[in-house]
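# Per-entry structural report
Take a look at the letters that make up each chain.
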Amino acid sequence: REPYWKGLNSEQLYDFFIIRARSKRDTGDLDGAIREFEALFKKYGEDLDRRRTLLNLLATTQTQTGRLKYLRRAIKNHGESLRIINS
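Residues numbered from 1 in each chain as written. Predicted model: local features only at pLDDT ≥ 70, side-chain atom pairs only at ≥ 80, totals over all residues. Heavy atoms only, no water.

### Some points on the environment of Gly28
- Here Gly28 shows up in the loop between α1 (10–26) and α2 (30–44).
- With relative accessibility at 51%, the residue Gly28 sits in the exposed group.
- The sequence separation of Gly28 and Thr61 amounts to 33 residues, and the corresponding C-alpha distance is 9.9 Å. (Helix = DSSP H or I, 4+ residues; strand = E, 2+ residues; numbered from the N terminus. Buried < 20%, exposed > 50% of the residue type's maximum accessible area, 1.4 Å probe, protein only.)

### Considerations on the confidence of the model for the protein chain
- Confidence in the prediction of the protein chain, expressed as mean pLDDT, is 93, and 100% of residues score 70 or more.
- By mean pLDDT, the top-scoring element of the protein chain is α2 (96), and the lowest-scoring one is helix α4 (residues 68–86) (92). (pLDDT = per-residue confidence, 0-100.)

### Here we look at the side chain of Glu80
- Tracing the backbone through its elements, the reader meets Glu80 in helix α4.
- Not counting residues within four places of it along the chain, the set of residues in contact with Glu80 comprises Arg51 and Leu55. (Contact = heavy atoms within 4.5 Å.)

### A closer look at the packing of α2 against helix α3 (residues 48–65)
- Where α2 meets α3, the closest approach of the two axes is 9 Å, and the angle between their N-to-C directions is 160 degrees. Classified by the angle their axes make, α2 and α3 are roughly antiparallel. Where α2 crosses over α3, the two elements pack in a sense that is left-handed. When α2 is examined against α3, the residues Leu30, Ala33, Ile34, Phe37, Glu38, Leu40, Phe41 and Tyr44 are found in contact with a partner set consisting of Arg50, Arg51, Leu54, Leu55, Leu57, Leu58, Thr61, Gln62, Gln64 and Thr65. (Axes fitted to C-alpha atoms, helices over the stretch in contact; angles between N-to-C directions. Parallel < 35°, antiparallel > 145°, perpendicular 65-115°, else oblique. Left-handed = near helix turned anticlockwise from the far one by under 90°.)

### Quick word on the nonpolar core
- One finds Tyr14, Phe17, Ile18, Phe37, Leu40, Tyr44 and Leu54 to be the most contacted residues of the largest nonpolar core, which totals 18 residues.
- Where this core is concerned, the elements lending two or more residues are α1, α2, α3 and α4.
- Apart from residues no more than four positions distant in its own chain, Leu54 is found in contact with Tyr14, Ile18, Phe37, Leu40, Phe41 and Tyr44. (Core = buried A, V, L, I, M, F, W, Y, C linked by side-chain atoms within 4.5 Å.)

### A short note on the environment of Leu54
- Note that Leu54 resides in helix α3.
- Separated by 20 residues in the primary sequence, Leu54 and Ala74 place their C-alpha atoms 12 Å from one another.

### Quick word on the packing of α3 against α4
- Between α3 and α4, the least distance of the axes is 8 Å, while the angle of their chain directions is 155 degrees. Between α3 and α4, the interaxial angle falls into the category roughly antiparallel. Every pair of crossing elements has a handedness; the one defined by α3 and α4 is left-handed. Contact residues: Leu48, Arg51, Arg52, Leu55, Asn56, Leu58, Ala59, Thr60, Gln62, Thr63 and Thr65 in α3; Tyr70, Leu71, Arg73, Ala74, Asn77, His78, Glu80, Ser81, Ile84 and Ile85 in α4.
- When its residues are assigned to classes, the contact of α3 with α4 shows 9 nonpolar, 8 polar and 4 charged. (Nonpolar A, V, L, I, M, F, W, Y, C, P; charged D, E, K, R; others polar.)

Printed below as a string of structure tokens:
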């Protein structure tokens, strides 16, 4: 038997994965959330609206870790998100 999310259309599937990653972030699994946001970014990053959203979510989660290696990436991701908004 297949998981229920396999029957979702592409828009619903995207929303499902965003919610799942945000749930990980909200429950304190920041590393897991970052991995999921990065995977989503690789898959959906070509679409500018989704790219901007994913960059913001990823950068926010990276900032929450408080770890220097993630903070550097968060600054870069926020900067790219702002460039997309300005363009």
